[in-house]
Structure formats: structure tokens, C-alpha cells
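# A structural walkthrough
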Amino acid sequence: MTQNDTADTLAPGSLPLAPGDWTLDPLHSAVNFTIRHLGIAKVRGRFADVQAGLHIGATLDDVRVSAVIALASLDTGNADRDAHTRSADLLDVEKRPTMTFRSTRVSGEDEDWTMEGDLTIGDVTRPVVLDVEFGGVVDSPADQSRHAGFEATGEIRRSDYGLDFGGGFLSDVVKIQLDMQFVEPQGQGG
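Residue numbering note: each chain is counted from 1, following its sequence as written. In keeping with the model being predicted, local features are shown solely for residues with a pLDDT of at least 70 and side-chain atom pairs are shown and tallied solely at 80 or more, while totals for entire chains, interfaces and linings include all residues. Note that the side-chain values use all heavy atoms of the structure and ignore hydrogens as well as water.

### Remarks on a positive patch on the surface
For patches, a residue must show more than 30% relative accessible area and have no salt bridge; joins then use 9 Å for like charges and 5 Å for nonpolar side chains, namely Val, Leu, Ile, Met, Phe, Trp and Tyr. Throughout, the Shrake-Rupley method with a 1.4 Å probe supplies accessible areas, and for residues the shown protein chains are the sole cover considered. A carboxyl oxygen of Asp or Glu within 4 Å of a side-chain nitrogen of Lys or Arg is what we treat as a salt bridge. Residues counted as positive are Lys and Arg, residues counted as negative are Asp and Glu, and His and the chain ends are not counted. Charged side chains are reduced to one point each, which is NZ for Lys, CZ for Arg, CG for Asp and CD for Glu. Together, R36, K42, R44 and K175 make up a positively charged patch on the protein surface. In this description a helix means any DSSP run of H or I spanning at least four residues, a strand means any run of E spanning at least two, and both kinds are numbered starting from the N terminus. By the element assignment, R36 lies in strand β2 (residues 30-37).

### Looking at the layout of surface pockets
The way it works is a 1 Å grid over only the protein atoms, where trapped points that fit a 1.4 Å probe form a cavity and open points with protein on both sides within 12 Å along at least five of seven lines form a pocket, and then any residue with an atom within 4 Å of a point lines it. Grid points are joined across faces, edges and corners, and a volume is the space filled by probe spheres set on the points. Roughly 1,000 Å³ of volume is contained in the largest pocket. F33, F47, M99, V174 and I176 are, among the 50 residues lining the largest pocket, the residues nearest its centre. Here the element with the most residues in the lining of the largest pocket is strand β11 (residues 170-183); it accounts for six residues. Throughout this entry, Asp, Glu, Lys and Arg are counted as charged residues, while Ala, Val, Leu, Ile, Met, Phe, Trp, Tyr, Cys and Pro are counted as nonpolar. The remaining residues, Gly among them, count as polar. For the lining of the largest pocket, the per-class residue count stands at 40 nonpolar, seven polar and three charged.

### Some thoughts on the pattern of salt bridges
Summed over the entire model, instances satisfying the criterion amount to three salt bridges. Between R105 and E116 there is a salt bridge, with its nearest N and O atoms 3.3 Å apart. Of this pair, R105 sits in strand β7 (residues 98-109) while E116 is found in strand β8 (residues 112-121), placing the two residues 11 residues apart along the sequence. Partly exposed residues are those whose accessible area sits between 20% and 50% of the maximum for their type, while under 20% is buried and over 50% is exposed, using a 1.4 Å probe and protein chains only. By relative accessible area, which is 45% here, R105 ends up partly exposed. Look at E116 and you get partly exposed, because its relative accessible area is 28%. A salt bridge links D139 to R146; its shortest N-O distance comes to 2.9 Å.

### Re the nonpolar core
Formed by 47 residues in total, the largest nonpolar core has its most connected members in L17 and L54. Counting residues per element, this core draws most heavily on strand β9 (residues 124-139), which supplies six residues. Residues belong to a common nonpolar core when they are buried Ala, Val, Leu, Ile, Met, Phe, Trp, Tyr or Cys residues joined through side-chain atoms within 4.5 Å.

### Points about the environment of F47
With respect to the helices, strands and loops of the structure, F47 is situated in strand β3 (residues 41-47). In the structure, F47 is positioned 22 residues away from I69 in sequence and 7.1 Å away in space, judged by C-alpha atoms. Two residues form a contact once any of their heavy atoms are found within 4.5 Å. If we ignore the near neighbours within four places in the chain, the residues touching F47 are V31, F33, I69, A70, L71, S73, L74 and M99.

### A few points about the pairing of strand β4 (residues 50-56)
Of all seven residues making up β4, five are buried, and the element is well covered by its neighbours. For two strands to pair, DSSP has to find at least two bridges joining them. Looking at chain direction, strand β1 (residues 20-24) and β4 are connected through four bridges and run antiparallel. Looking at β4, one finds that W22 is bridged to L54. Of the pairings in the sheet, the one linking β4 to strand β5 (residues 64-70) comprises six bridges and is antiparallel in character. Bridge pairing links A52 to A67 in β5.

### Quick word on the environment of D131
As for its placement among the helices and strands, D131 is situated in strand β9. In sequence terms D131 and W113 are 18 residues apart; their C-alpha atoms lie 6.1 Å from each other. Dropping the residues within four chain positions of it, D131 is found in contact with W113, T114, E151, A152 and T153.

### Considerations on a nonpolar patch on the surface
On the surface, L38, I40 and F169 cluster together to form a nonpolar patch covering roughly 340 Å² of accessible area. Looking at the element boundaries, I40 is found in the loop between β2 and β3. Its relative accessible area of 68% is what places I40 among the exposed residues.

### Points about the confidence of the model for the protein
Summarising the model, the protein shows a mean pLDDT of 86, and 89% of its residues fall at 70 or more. A residue's pLDDT is the predictor's confidence in that residue, given on a scale from 0 to 100. Highest mean pLDDT in the protein belongs to β5 (95); lowest belongs to helix α1 (residues 3-7) (39). Here residues 1-12 is modelled with pLDDT under 50, and outside its nearest four sequence neighbours on either side it reaches 10 contacts, counting other chains as well.

Here's what the structure looks like:
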């Protein structure tokens, strides 16, 4: 089935994805962020070490997304800035090694979705809402495995997680952009 064939058979509020545990395609996925420096320019970065999973259940209420991101994998394109950001002065990756996300609710239809969940940084957990664009499902020409693509965007406030360092230099708001590709469980679809 192609994406277009699948779309014609969907019930409102459902995804054209086979049930089971979809695995992250790390070569075609990215966790990016932007933060304003001095209120006038954006600093862009990414986290290179990401583990994520997508569970598709029988109903939309059974859809779950989870992710673990190693904060030490921060990369802004400047080694000195990255080392300082990882230090005890700022992120303190020794104390806060990971950032985790667990979805609590997914809603929407067609290409536009919303995912609510809990984001934990260190020992602080706060609710977040992500706007999700469903990119579709396609069979990979390389090996015929079925891939699903998603883009998720949202923002968090550093101060909500006790990360209120850099007063006056860095914005409190961090914008998040996730480009995620998942691979269908073996023996499904096709």
C-alpha cells in the first residue's frame, strides 16, 4: 500500500501504521533546538545521541512515544561553547545526564497532530505539548522496509527545569524541532 492508498481507508483520528513497536531510524532522524543569545540572534544546536521508540496499539489511545537523549551529546558547532554548556556552570551533564520524554496523549488527523507528554531533565518533570506533522509512510527502495516520518515542534522554558543560568545572555525559551523517522516492526505491512 502506498501513502495515498492508505489515506483513503483511514478512520478519522487514526494513523496508517501497523501495530507494534516501531524502531527509530537514527540516520534519518534529528533532535534540534534554537535559543536566542542576547535576545537578538539564534544559536542552533542538536543532540546526536538519541534513542526513541514508537508503539502503535489497537487505538489512538494506545499510541506511545518515548525518547532518551544524552545531554552530553549537545552540539552547537562550537567545541568551546559546547564544553562550557555541558559543565557544572550550565547543564551539568554529570548531574543531569539525560533528558527523557514519554507521551501521554496523541490526537489529530490527516497530517496535523498534537502530542502531549512529560519531559524530564535531571530530576524535574514538566508537561509539554508538541505540534506534529505526519509526513507519511513509504517503503524504502533500499530494502523495502516501511518507514514513517514525523516532524514535531514545540518550546520549553529552561527555568521550568531549574536551568535558569545565563541571565541576560540566553533566552528562557528554547524552541525544539524533531525530525523523526521510524521503521515498521518486522513481518508487518508491505
